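Each chain, written out:
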Amino acid sequence: MKRRAWLLSAASAAALAACAGVRRAQGGPKVIIDSDYNTMSDDGQLGAMAVQLQAQGRLQVMGITVVSGNKWLQQGVAEALMSMERLGAGDRIGVYAGANLPLNHDYVTIQAELKAGAGGDGYLGAWKTPEPRSAADLVRPPDGFATRTQVQPTGAVDFIVQTIKAHPHEITLLAVGPLTNIALAIRQSPEIVPLIQQIIYMGGAVHVPGNTTKAAEFNWWFDPEAAQFVLRQPIPQVVVPLDVTNTVQLNKATFERIALASPPTAVTRVYAQEWFSRRFARDPNYTSNIWDTLVIAYLLDPSYATQVDEEYVDVIAKPGDPQNGRSVGYAQPPEGVKLQKMKVVKRFDNARFLDLYVDLLTRPVPVALPPAG
Ligand SMILES: [Ca+2]
């Protein structure tokens with residue numbers, strides 16, 4: 001009798017677990033997109049791809065947490081709000097405002113690093129424009145500001161902490177901007193570290209030159225102290241660095257599959273006006289990285305990556321030094337500092353990835369999202 005009762009309860013537990021498993025499979029992985037958001041450059045493209053995947057039941061975006069990087073925080077928030085509204089997701093996917101300034105990198109220090117020979121392509125992101133002081137200083141997205149979607153009252157750091165605690169071992173952080181928000185969340189609540197399922201970064205230039213400086217990739221250069229702090233945490237981590245994004249180029253033919261899609265959508269119209277459209281108009285042979293977008297493909301199916309190495313990755317955090325923000329990959333852990341072994345993506349199946357990219361960016365808008373839960 002006792003055994004039978006146990007068997008019955010075990011059977012019903014298994015049935016419940018199977019149902020929960022099905023629900024999880026239908027909903028897909030739970031993610032927070034931590035981003036230096038922009039309208040329809042790589043972060044905005046990633047946001048549109050994520051919402052389309054959510055509409056297909058393959059991903060659950062718990063929220064978008066914005067950080068300064070490409071743009072100052074308030075500009076990024078405005079662009080994220082309009083992005084969600086444009087997609088028809090403004091009432092379902094919250095936008096949370098995070099850190100406005102890096103932990104330890106300011107304009108005077110950046111100028112000193114450049115003077116000391118940091119070099120690079122000159123892309124300084126937010127630092128190239130004055131910080132907006134009021135709504136009047138914000139630059140309007142091509143199809144206007146959001147009118148129905150407002151920033152969430154909770155800050156990004158609290159949202160990250162609360163969401164990870166509410167869904168232990170289930171949250172993937174898609175970290176596609178400077179790592180200030182995530183560093184602040186871990187500093188504030190270190191107990192979340194073992195509860196994070198994984199972090200997938202677009203960041204770093206592990207065995208190739210940097211972009212913003214000769215040594216450093218933009219996201220990790222913007223806030224090197226935050227990057228170093230987060231990378232050293234004992235969390236499963238995947239790095240999608242310039243090493244691979246340099247090898248996955250958007251060319252004019254692929255650009256036109258989206259920009260000239262028929263029928264056009266609210267997304268393809270805005271895509272057709274982004275900064276790269278002017279480059280393609282001037283030079284048909286122009287190509288561009290589409291950095292952050294690789295991260296979501298890897299999350300969906302790691303076999304989009306065709307070469308992944310395991311390395312111990314660290315970031316140099318030396319304000320004023322031309323090496324500040326440089327990422328370093330070690331085959332064996334160096335002595336004296338505890339580094340984490342992580343997956344470093346080196347090559348992608350480009351054709352398969354670009355088909356996904358085009359498909360998700362040309363799907364109908366607004367999307368029909370499945371019921372919450
Ligand atoms: Ca980004």
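Residues numbered from 1 in each chain as written. Predicted model: local features only at pLDDT ≥ 70, side-chain atom pairs only at ≥ 80, totals over all residues. Heavy atoms only, no water.

Asks: Mind laying out the overall build of the protein, listing which residues take part and the relevant values?
Replies: When you go through the protein residue by residue, the secondary structure sums to 14 helices and 11 strands. The C-alpha atoms of the protein give a radius of gyration of 21 Å, which matches the 21 Å a tight globule of 373 residues would have. Considering only C-alpha atoms, the protein reaches an extent of 80 × 60 × 40 Å along its principal axes. Residues counted as buried form 53% of the 373 residues belonging to the protein. Relative to all contacts within the protein whose residues are 6 or more apart in sequence, the contacts with residues 24 or more apart total 84%. Element-wise, carbon and sulfur atoms account for 54% of the exposed surface of the protein, whose accessible area totals about 16000 Å². In the protein, 34 positive and 34 negative side-chain charges are present, and the distance between their average locations comes to 6 Å. (Helix = DSSP H or I, 4+ residues; strand = E, 2+ residues; numbered from the N terminus. Rg over C-alpha atoms; globule rule 2.2 N^0.38 Å. Buried < 20%, exposed > 50% of the residue type's maximum accessible area, 1.4 Å probe, protein only. Contact = heavy atoms within 4.5 Å. Areas by Shrake-Rupley, 256 points an atom, 1.4 Å probe, with all protein chains shown as cover. Lys, Arg positive; Asp, Glu negative; His and termini not counted. Charge placed at Lys NZ, Arg CZ, Asp CG, Glu CD.)

Asks: Can you explain the nonpolar core? Please cite residues and give values.
Replies: Core analysis: the largest hydrophobic core is formed by 64 residues, its most contacted members being Ile 33, Met 84, Tyr 271, Phe 348, Phe 353 and Tyr 357. No other element matches helix H14 (residues 350-361), which puts seven residues into this core. Excluding anything up to four places from it in sequence, Tyr 357 contacts Gln 45, Met 49, Leu 250, Thr 254, Ile 258, Tyr 271, Ile 290 and Thr 293. Membership of the second largest hydrophobic core comes to 34 residues, among which are Phe 159, Leu 173, Ile 186 and Val 206. (Core = buried A, V, L, I, M, F, W, Y, C linked by side-chain atoms within 4.5 Å.)

Asks: How would you sum up the packing of aromatic side chains? Please name residues and give values.
Replies: Enumeration according to the criterion identifies 18 aromatic pairs in this entry. Taking 4.9 Å as the distance between ring centres and 55° as the angle between the ring planes, the aromatic pair formed by Tyr 123 and Phe 218 counts as tilted. Taken together, the residues Tyr 123 in the loop between helix H4 (107-115) and helix H5 (156-166) and Phe 218 in helix H7 (residues 218-222) connect sequence positions 95 residues apart. An angle of 70° between the planes, with centres 5.4 Å apart, marks the rings of Phe 280 and Tyr 286 as edge-to-face. Residue classification places Phe 280 among the buried positions, given a relative accessible area of 0%. (Phe/Tyr/Trp six-rings, centres within 6.5 Å; stacked < 30°, edge-to-face > 60°.)

Asks: Outline the pattern of salt bridges, supporting the account with residue identities and numerical values.
Replies: Tallying each qualifying case throughout the model produces 13 salt bridges. The partner of Arg 86 in a salt bridge is Asp 143, and the shortest N-O contact between them spans 2.7 Å. With Arg 86 in helix H3 (residues 73-87) and Asp 143 in the loop between H4 and H5, the pair connects residues that are 57 residues apart, well separated along the chain. Given the relative accessible area of 6%, Arg 86 is considered buried. (Salt bridge = Lys/Arg side-chain N within 4 Å of Asp/Glu carboxyl O.)

Asks: Please provide a residue-by-residue account of the sheet that holds strand S6 (residues 237-240), values included.
Replies: Across the sheet, nine strands lie side by side as S3-S2-S1-S4-S5-S6-S11-S9-S10; this open sheet has mixed pairing. Of all the strands in the sheet, the pair left with one neighbour each is strand S3 (95-97) and strand S10 (327-330). Going from strand to strand, the sheet's axes swing by 30° on average, the running direction of each strand aside. Contacting strand S5 (196-202), S6, strand S9 (305-315) and strand S11 (341-348), helix H8 (residues 224-231) crosses the sheet at an angle of about 110° to S9. (Pairing = 2+ DSSP bridges. Axes fitted to C-alpha atoms, helices over the stretch in contact; angles between N-to-C directions.)

Asks: Outline the side chain of Asn 289, supporting the account with residue identities and numerical values.
Replies: Examined against the element boundaries, Asn 289 turns out to sit in strand S8 (residues 288-289). In this structure the side chain of Asn 289 is engaged in a polar contact, spanning 2.5 Å, whose partner is the side chain of Gln 249. Setting aside residues up to four positions removed in sequence, Asn 289 forms contacts with Leu 242, Thr 245, Asn 246, Val 248 and Gln 249. (Polar contact = N/O pair within 3.5 Å; in protein donor to acceptor, adjacent residues only side chain to side chain.)

Asks: Give me the lowdown on the confidence of the model for the protein, citing residues and values where you can.
Replies: Scored by pLDDT, the protein comes out at a mean of 93, with 93% of its residues at no less than 70. For the protein, the element scoring lowest by mean pLDDT is helix H1 (residues 2-27), at 44; strand S4 (residues 171-175) scores highest, at 99. A low-confidence stretch, residues 1-25 stays under pLDDT 50, and its non-local contacts, those more than four residues away or across chains, total one contact. (pLDDT = per-residue confidence, 0-100.)

Asks: A description of the packing of helix H10 (residues 252-259) against H14 should follow, citing residues and the corresponding values.
Replies: Axis separation between H10 and H14 bottoms out at 9 Å; the angle between their running directions is 25°. With respect to their mutual orientation, H10 and H14 come out roughly parallel. H10 and H14 meet at a crossing whose hand is right-handed. For the pair H10 and H14, the contacting residues are Thr 254, Arg 257 and Ile 258 in the first and Leu 354, Asp 355, Tyr 357, Val 358 and Leu 361 in the second. Split into classes, the residues belonging to the contact of H10 with H14 amount to five nonpolar, one polar and two charged. (Parallel < 35°, antiparallel > 145°, perpendicular 65-115°, else oblique. Left-handed = near helix turned anticlockwise from the far one by under 90°. Nonpolar A, V, L, I, M, F, W, Y, C, P; charged D, E, K, R; others polar.)

Asks: Break down H3 for me, with residues and values.
Replies: With 15 residues, H3 extends 21 Å from end C-alpha to end C-alpha; this agrees with the ideal 21 Å at 1.5 Å per step. Extensive coverage of H3 is indicated by the burial of 14 of its 15 residues. (Expected span 1.5 Å × (residues − 1).)

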